[in-house]
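Structural description and commentary
Residues per chain, in single letters:
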Amino acid sequence: AGYPAEEAEGWVIRPAGEQCAESLAYPTSDSAVADLEAAGVEILAVEETELVVCEACGCPTSAHYRVLISGEDMTTAFSLGWQREG
């Protein structure tokens, strides 16, 4: 096993868009995970959640998408702009 050890699975998260933007970057969970699926990432679960964020233009929306993926897909998800939750 490599270092650090691969996790079996984990949650990654990304905002639906930016405040004050003309439209949401990802208006639906399907649109949010489309890039992941196209890159071959297996989606184990998808949730929408509301997070506390700064209230200013350019800040992320409070609406975020959480996606459960396998540890081996984390690098791919990070390269597409997703972040590890937490």
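Throughout this description, residue numbers start from 1 for each chain and increase along the sequence as written. Restriction of local features to residues with pLDDT of at least 70 applies here, the model being predicted, together with a cutoff of 80 or more for giving and counting side-chain atom pairs; totals for whole chains, interfaces and linings are based on all residues. No hydrogens and no water enter the side-chain calculation; it runs on all heavy atoms of the structure.

**Some remarks on the overall build of the chain**
Broken down by element type, the chain carries 2 helices and 4 strands. The order of α-helices and β-strands along the chain, N terminus first, is β-α-β-β-α-β. C-alpha atoms of the chain, sized along the principal axes, occupy 45 × 25 × 20 Å. A 1.4 Å probe and the Shrake-Rupley method give the accessible areas. Residues count as covered only by the protein chains that appear here. Taken as a whole, the chain presents about 5,400 Å² of accessible surface, with 50% of it coming from carbon and sulfur. A helix here means a DSSP run of H or I that spans at least four residues, while a strand means a run of E at least two residues long, and both kinds are numbered starting from the N terminus.

**Let's talk about the environment of leucine 24**
As for its position among the elements, leucine 24 is in the loop between strand S1 (9-15) and helix H1 (29-38). What makes leucine 24 partly exposed here is its relative accessible area of 39%. In this structure the C-alpha to C-alpha distance between leucine 24 and tyrosine 65, which are 41 residues apart in sequence, comes to 12 Å. Contacts: residue pairs with any heavy atoms within 4.5 Å of one another. Here leucine 24 is in contact with Ala16, Gly17 and Thr61, once residues within four sequence places are set aside. Burial classes follow relative accessibility: with a 1.4 Å probe on protein chains only, a residue under 20% of its type's maximum area counts as buried, one over 50% as exposed, and anything between as partly exposed.

**Things to note about H1**
In an α-helix, one turn spans 3.6 residues, which is why side chains three or four residues apart end up on the same side. Considered for burial, the residues of H1 that qualify are Ala32, Val33 and Leu36. Looking straight down H1, one finds its buried side chains confined to an arc of 75°; they lie on one side. Across from the buried face of H1, at angles greater than 90 degrees, the exposed residues are Asp30 and Ala38. Buried residues along H1 sit in contact with strand S2 (43-50), strand S3 (63-70) and helix H2 (74-79). Two residues or fewer after H1 comes glycine 40, characterised by a positive phi angle close to 90°. Each direction from the helix axis to a C-beta atom contributes to the arc, which is the arc of those directions.

**Details of the environment of threonine 49**
The topology assignment puts threonine 49 in strand S2. Classification of threonine 49 as partly exposed rests on a relative accessible area of 22%. Each C-alpha atom of the pair threonine 49 and serine 62 lies 8.0 Å from the other, and the pair is 13 residues apart in sequence. The residues touching threonine 49, leaving out its near neighbours within four places in the chain, are Ile13, Ser62, Ala63, His64 and Arg66.

Distances and angles like these do not, on their own, reveal function.
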